[in-house]
Every structure is written in structure tokens, then in C-alpha cells.
Amino acid sequence: MHNEASRRNAPVFSAGFKDPFKILVFTFLSARTRDSTTIKAAEKLFSVADSPEKIAMLQLKKVEALLYGVGFYHVKSRNLLAISKAIAKSGKVPDDFPGLTALPGVGRKTANIVLSRAFGKNTLGVDVHVHRISNRIGLVKTKKPEETETALMKIVSGNSVSELNRNFVAFGQTICLPRNPKCSECPINRICRRVNVGTTCKNCRY
Ligand code: SF4
């Protein structure tokens, strides 16, 4: 799954931020926005201000101009300034769930992804890709992302937990697309249950 998505240049693999603050900003901005758009906006932002202290000094209008194109960029600009001010004041990005979700605009999914990617914790961020693909394959049978997180945490263990988000996102961006998934080219089409997929596939078992 990972290899196939990597071979197809999944956008999520292009976001190579290592610094916890940049990972937090990228993840926070990526909600309801394509990764390719988020990467461009984050790089533009960091070329002007690459630390919480520097971003906290920017005017709201300037942040909005830098984030133009990102979904809900007005609200995200306001929240980004508040997040940057809070982190500049405390001196570090929170490395626990309560600390991260106390930041404005940071929800469960974002906090779990940051804990996993920035701090190496075994947490699982469930976004639309993870939720959709887990249900299609038949790994879980859930209605909401929170339910998917709980169900997956019962069946996935070890390093697989922290790698699952990025691998499923990449897979969802390249093969198991939201509409018209490429089932006939999919490396797991012999085992996938294809729940509610609604298209035919001559290579699939189900
Ligand atoms: S077989 Fe189709 S529905 Fe199942 S994981 Fe592959 S692309 Fe998605």
C-alpha cells in the first residue's frame, strides 16, 4: 500500500517538515484543504516567518494574504496567530493531547497526527481518508471518525499505529480515491471487501 502510493507520488509524502511547530502548523492548515495547496501555503508562510515568535509578530492581514487558498483561511489565520502567541509564550509545542487540544482550532485529529509525527507517539489521527478506507476495506464498521479511531486502535498495534495515517492518506490520494477508486489497479483488491463502493471491478474478489 505504502510502496504503491509512494510510486505514484502521493502529495502527503511531499510535506517533509521535521520541526514540531512546522508539523503542527502544516497539520492544522491541512484541514479541508488539499495537501498540495497546504504545502505551498506553509512554505510561503515559513519563508516569511519560520517560528512562533516571528509569526506572532505578523499582522492578521499579512497572515491572511500568505494563507490565501487554504480552506477557511480567515479563521485559520486568526487561530494561527493565537497558537503562535501561546507557543511563543510557553516556549514549546505541547507534547500531550490536553495541551494540543487547548490550542485554538486544534481538534482530536490534528492533535493525534502531531503527537505521532512530531513526538513519535502511538496515536492515530483519523481523517476522511482513514475513515473512508478502513470502512471500505472492512476493517471497521463505523459512522464517525471518533468511532473509527477507537475501533482501529483495538486491531492495530506498535509502529503501525503511527504510520497508518500517512499511509492511508497517501493511498486515498492515489488509489482508493473518494469517488471512482482505482480498484482494478489496487494492490489489495483480492482481500478488500469494497463496502459501499458501488462500482464493478473485474480483478476484485468482492
Ligand atoms: S479494492 Fe478498491 S475500495 Fe478496496 S482498497 Fe482498493 S481501491 Fe479501495
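Cut-offs applied
Residues numbered from 1 in each chain as written. Predicted model: local features only at pLDDT ≥ 70, side-chain atom pairs only at ≥ 80, totals over all residues. Heavy atoms only, no water. 1 Å grid on protein atoms, 1.4 Å probe; cavity = no way out; pocket = protein on both sides within 12 Å on 5 of 7 lines; lining within 4 Å. Points joined across faces, edges and corners; volume = space filled by probe spheres on them. Helix = DSSP H or I, 4+ residues; strand = E, 2+ residues; numbered from the N terminus. Nonpolar A, V, L, I, M, F, W, Y, C, P; charged D, E, K, R; others polar. Buried < 20%, exposed > 50% of the residue type's maximum accessible area, 1.4 Å probe, protein only. Polar contact = N/O pair within 3.5 Å; in protein donor to acceptor, adjacent residues only side chain to side chain. Contact = heavy atoms within 4.5 Å. Axes fitted to C-alpha atoms, helices over the stretch in contact; angles between N-to-C directions. Parallel < 35°, antiparallel > 145°, perpendicular 65-115°, else oblique. Salt bridge = Lys/Arg side-chain N within 4 Å of Asp/Glu carboxyl O.

Structural notes on the layout of surface pockets
- The calculated volume of the largest pocket comes to roughly 1,100 Å³.
- Lining of the largest pocket is provided by 36 residues; of these, Ser30, Arg32, Thr33, Lys109 and Val128 occupy positions nearest its centre.
- Of all elements in the fold, only helix 2 (20-29), helix 3 (35-48), helix 6 (73-90), helix 8 (108-119), helix 9 (128-137), helix 10 (145-155) and helix 11 (159-174) reach the threshold of two or more residues within the lining of the largest pocket.
- The element best represented in the lining of the largest pocket is helix 8, accounting for five residues.
- Grouping the amino acids of the lining of the largest pocket by side-chain chemistry returns 13 nonpolar, 12 polar and 11 charged.

Some points on the side chain of Ser134
- Examined against the element boundaries, Ser134 turns out to sit in helix 9.
- In this structure Ser134 comes out as buried when scored by relative accessible area, which is 0%.
- Among the polar contacts made by the side chain of Ser134, one reaches the main-chain carbonyl oxygen of Val130 at a distance of 2.6 Å.
- Discounting chain neighbours no more than four positions away, the residues touching Ser134 are Leu139, Val140, Thr148, Leu152 and Phe168.

A few points about the packing of helix 3 against helix 5 (residues 60-67)
- For the pair helix 3 and helix 5, interaxial distance at closest approach is 8 Å and the crossing angle is 140°. The orientation of helix 3 with respect to helix 5, classified from their angle, is oblique. Across the interface between the two elements, Ala41, Lys44, Leu45 and Val48 of helix 3 pack against Lys62, Ala65, Leu66 and Leu67 of helix 5.

Digging into empty space enclosed by the protein
- Per the stated rule, a full pass over the model turns up two cavities of 30 Å³ or more.
- Considering only enclosed or pocket space, the largest cavity measures out at about 110 Å³ in volume.
- Around the largest cavity, the lining comprises 16 residues; the ones closest to its centre are Cys176, Cys183, Cys186, Cys192 and Arg194.
- Here the lining of the largest cavity gets three residues from one element, more than from any other, and that element is helix 9.
- Of the residues contributing to the lining of the largest cavity, the split by class is 12 nonpolar, one polar and three charged.
- Surrounding the second largest cavity, Asn112, Ile113, Ser116, Arg117, Thr123, Leu124, Gly125, Val161, Ser162, Asn165 and Arg166 form its lining.
- Those elements that provide at least two residues to the lining of the second largest cavity are helix 8 and helix 11.
- Considered class by class, the residues forming the lining of the second largest cavity number three nonpolar, six polar and two charged.

So, unusual backbone geometry
- In this structure, Asn180 takes a positive phi of about 55° despite not being glycine.
- Following the sequence through the fold, Asn180 ends up in the segment after helix 11.
- When its relative accessible area of 60% is taken as the criterion, Asn180 is described as exposed.
- Positive phi is not limited to glycine here, since Arg194 has a value of about 55°.
- Mapped onto the fold, Arg194 is located in the segment after helix 11.

Things to note about the pattern of salt bridges
- For the coordinates displayed, the defined rule picks out four salt bridges.
- We note a salt bridge from Glu149 to Arg108, for which the minimum N-O separation is 2.7 Å. In this pair, Glu149 sits in helix 10 while Arg108 sits in helix 8, placing the two residues 41 residues apart along the sequence.
- With a relative accessible area of 41%, Arg108 lands in the partly exposed category.

Nothing here speaks to function; it is all geometry.
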